[in-house]
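# Structure assessment
So the chains spell out like this:
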Amino acid sequence: MPAHHIAIIGAGPSGLIAAERLAAAGEAVTIYERMPSPARKFLLAGRGGLNLTHSEPLDSFLLRYRDAQAWLEPAVRAFPPQALRDWADALGQDTFVGSSGRVFPRAMKASPLLRAWLRRLEGLGVAFAPGHRWTGWSEEGALMFRNRDGADTEARPDATLLALGGASWPRLGSDGGWAPLLAARGVAIAPLRPANGGFTVDWSQTMRERFAGAPLKRIVLSFGGQSVPGEALIDATGLEGGAVYALSAPIRETILREGRAGISIDLRPDHEAAALAQRLAHRRKGETLSNHLRKAAGLAPPAIALLREAAKGPLPEDPERLAALIKAAPLVLTGLRPIERAISTAGGVAAAEIDEDFMLKRLPGTFVAGEMLDWEAPTGGYLLQACFATGVAAAAGIQAWLAES
């Protein structure tokens, strides 16, 4: 039986893993990508250490997908974190578990893994068509592309997988341009919003000029009854960093609903308030308050500056009030940083629009995977895991649909 021709649009992790699965099953696969080379966002994510997945128990792992857990769970259980690690190991990129439970390839970077992966895809006969931006369908139903020289081309595959990513970091290829194309076909699209991104703060001029780029280390950030340990980074317009990203979804929804969100930051989570107050009570005569906070409370200059922002005036002299402020410094977040600066995207193709095989109900033979779908997760390996898992699930769905057709 001759191979089917399958078009995969998007050369990120979801598209590449689906191509691998389908080509290994004997199908003819062509990957169309608008950028000159594949997986650019994947490569960027790996510059600081490629966090492939996480080692926590699967039941806990799945909770990270919040509202999307119910429909993502079958795909993640079918291709769980250990399967992703085994896949990387088979490419010669052995993985290890870091102290935080996150899983990395030993090389830490994405480039060695990607090179090995592309060699495997080449060996499987996967064709790659760079510089092809998908522009929708022709009146006859063919896929339409515009290449780098402005010429229009078309393709008539037996099945199509859309794996075009979200809308964060558009210069790397994912700009959300697919949303109106699908909406025009009646597919419901949840608005694309920044996920795992920073928020704006109305800093004082001193904060903007003196402390932009300064870290807040070993803090606990709290919002809406949830508390997350980690770090944050002050920038000229607001606050970002791991602790902020972990709570970005509820903070974002509150800002969109109410126009602002109040968080609190424990600047010394390793000390109880009473112990801090006792240490702060012994201030040497003539010692500045900043120097006293540095010595007695162990606060770095950026933390002291944030404390002053939170107080909105002179810091309290009373040790107990000062300790209480250190333990719960209030801060108002006033807006969202642009989606172009976010790590990932919330929103996308609504779950109700796809069947259990990730095929669009309104467009039989067209499947969707990865960040195009309406789900989000915190950083820590959960993002890539779901991208890989939905790519694998969509590939299986394509095979099943072709067999039935």
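Everything in this summary refers to the structure shown in the same document.

The rules behind these values
Residues numbered from 1 in each chain as written. Predicted model: local features only at pLDDT ≥ 70, side-chain atom pairs only at ≥ 80, totals over all residues. Heavy atoms only, no water. Salt bridge = Lys/Arg side-chain N within 4 Å of Asp/Glu carboxyl O. Helix = DSSP H or I, 4+ residues; strand = E, 2+ residues; numbered from the N terminus. Buried < 20%, exposed > 50% of the residue type's maximum accessible area, 1.4 Å probe, protein only. Arc of directions from axis to C-beta. Contact = heavy atoms within 4.5 Å. Phe/Tyr/Trp six-rings, centres within 6.5 Å; stacked < 30°, edge-to-face > 60°.

In the structure shown here, the tally under the stated rule is 19 salt bridges. Linking Asp175 and Arg34 is a salt bridge whose minimum nitrogen-to-oxygen distance equals 3.1 Å. Here Asp175 is found in the loop between β10 (159-162) and α7 (178-183), whereas its partner Arg34 is found in the loop between β2 (28-33) and α2 (40-45), with 141 residues between them in sequence. Classification of Asp175 as partly exposed rests on a relative accessible area of 31%. With a closest N to O distance of 2.6 Å, Glu376 and Arg252 form a salt bridge. Here Glu376 is found in the loop between β20 (366-368) and α15 (382-404), whereas its partner Arg252 is found in helix α10 (residues 248-258), with 124 residues between them in sequence. For the pair formed by Glu376 and Arg252, the shared burial category is buried. One salt-bridge network, held together by shared partners, links Arg193, Arg252, Glu253 and Glu376.

Let us look at helix α11 (residues 273-280). Every buried residue of α11 is accounted for by Leu276, Ala277 and Leu280. Viewed end-on, α11 has its buried residues packed into an arc of 100°, placing them on one side of the element. Turned more than 90 degrees away from the buried face of α11 sit Ala274 and Gln278, all of them exposed. Looking at the buried side of α11, the elements it contacts are α12 (289-296) and α14 (319-327).

Moving on to the packing of aromatic side chains. As enumerated under the stated definition, the model contains twelve aromatic pairs in all. A centroid spacing of 4.6 Å and a plane angle of 75° characterise the contact between Trp87 and Trp117, whose relative ring orientation is edge-to-face. Separated by 30 residues along the polypeptide, Trp87 in helix α5 (residues 81-90) and Trp117 in helix α6 (residues 111-123) bring together distant segments of the chain. Overall, the relative accessible area of 8% leaves Trp87 in the buried class. Through a chain of ring-to-ring contacts, three or more aromatic side chains come together here, namely Phe42, Trp87, Trp117 and Phe388.

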